[in-house]
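Remarks on the overall topology
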Amino acid sequence: MPKSISKTPVVNNTLESEGKALATIWKGIVKGNFDNATKAEGFDTRLGKLMLALKAEGGQRISTDRLKDCGINGIDKRRRSEALWFVENETACRDFIQASKKGFTSLTALQSAMKKAAKADEPKPWVDFNGVERFDNPSAEVKSNVGLDSEAEQSQELSAEGIALDLMLQIEALAKQLKCSDEQAFKETMAAIKAQAVMLDQDTKAAA
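A quick note: this is a predicted structure, and the numbers were derived from the prediction, not measured.

Overview of helix α7 (residues 107-120)
Because each turn of an α-helix spans 3.6 residues, side chains separated by three or four positions end up pointing in the same direction. With 14 residues, α7 extends 20 Å between its outermost C-alpha atoms, agreeing within 8% with the 20 Å of an ideal straight helix rising 1.5 Å per residue. The complete set of buried residues in α7 reads Leu 107, Leu 110, Gln 111 and Met 114. One side of α7 carries all its buried residues, which in axial view fall inside an arc of 95°. Those residues of α7 that are exposed and aimed more than 90 degrees away from the buried face are Lys 116 and Lys 119. Contacts made by the buried residues of α7 are with α2 (34-37), α3 (43-55), α5 (77-88) and α6 (90-99).

A word on the nonpolar core
Burial of nonpolar side chains together is a common tendency in soluble globular proteins. Counting residues in each nonpolar core, the largest one holds 14 residues, and the members touching the most others are Leu 22, Leu 47, Met 51, Leu 54 and Ile 72. Elements represented by at least two residues in this core include exactly α1 (15-27), α3 and α5. The residues touching Leu 22, leaving out its near neighbours within four places in the chain, are Phe 43, Arg 46, Leu 47, Leu 50 and Ile 75. In this structure, Phe 34, Phe 86, Val 87 and Leu 107 belong to the second largest nonpolar core, which totals 9 residues.

As for the packing of aromatic side chains
Applying the stated criterion across every chain, the model contains 2 aromatic pairs. Look at Trp 26 and Phe 43: their rings are 5.9 Å apart centre to centre, the planes differ by 20°, and that puts the pair in the stacked class. With Trp 26 in helix α1 and Phe 43 in helix α3, this residue pair connects regions lying 17 residues apart in the sequence. A residue is classified by how much of its surface remains accessible, and Trp 26, at 24% relative accessible area, is partly exposed. Accessibility expressed as a relative area gives 1% for Phe 43, which makes it buried. With a centroid separation of 5.9 Å and an interplanar angle of 25°, the aromatic rings of Phe 96 and Phe 104 are classed as stacked. With a relative accessible area of 25%, Phe 96 lands in the partly exposed category. Relative accessible area serves as the criterion here: at 18%, Phe 104 is assigned to the buried category.

About the cut-offs
- Residues numbered from 1 in each chain as written.
- Predicted model: local features only at pLDDT ≥ 70, side-chain atom pairs only at ≥ 80, totals over all residues.
- Heavy atoms only, no water.
- Helix = DSSP H or I, 4+ residues; strand = E, 2+ residues; numbered from the N terminus.
- Expected span 1.5 Å × (residues − 1).
- Buried < 20%, exposed > 50% of the residue type's maximum accessible area, 1.4 Å probe, protein only.
- Arc of directions from axis to C-beta.
- Contact = heavy atoms within 4.5 Å.
- Core = buried A, V, L, I, M, F, W, Y, C linked by side-chain atoms within 4.5 Å.
- Phe/Tyr/Trp six-rings, centres within 6.5 Å; stacked < 30°, edge-to-face > 60°.

Below you can see the structure in the form of structure tokens.
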């Protein structure tokens, strides 16, 4: 029965000697021994650190000759790539593993799960009044022509249509913020406009 990966002696004299030690482990590796492989001195952690060191030597990619020098050219290319990815994202990976209830059987499974989780966090599209697909945080897309400070923007000619368009965009943003329908946000906005109009009228009469 193959020895546990975590108990394999670590050789750190040179990159070449470390690579040869990993190549020996690879030949008798226990398939699916993910927990041991990703420990501090586990196979994938050591392989990833070696790949990172070789990558730091320069060049667009690690040459085949350099892989042969270190004796790891016989280790599956995908395994080398995943080990490098794991070490480059070690903190995030370990946090994700710790938060997982079921755990993972391989770096392939871990990488796939993290990609799905990242995709789930991406902004979801929504459709505005004009049928245009937009993304969450519509207020970031809203740019009003009213009250801008720059001379170039102040020089833009105002129109009733432009103000109305700005208002509709702001209403859409309000609806998203309040998590209500555009119609409900429109009604609340119109009520606020009427209230402001009444106050403005009262101030005008008082000033006269």
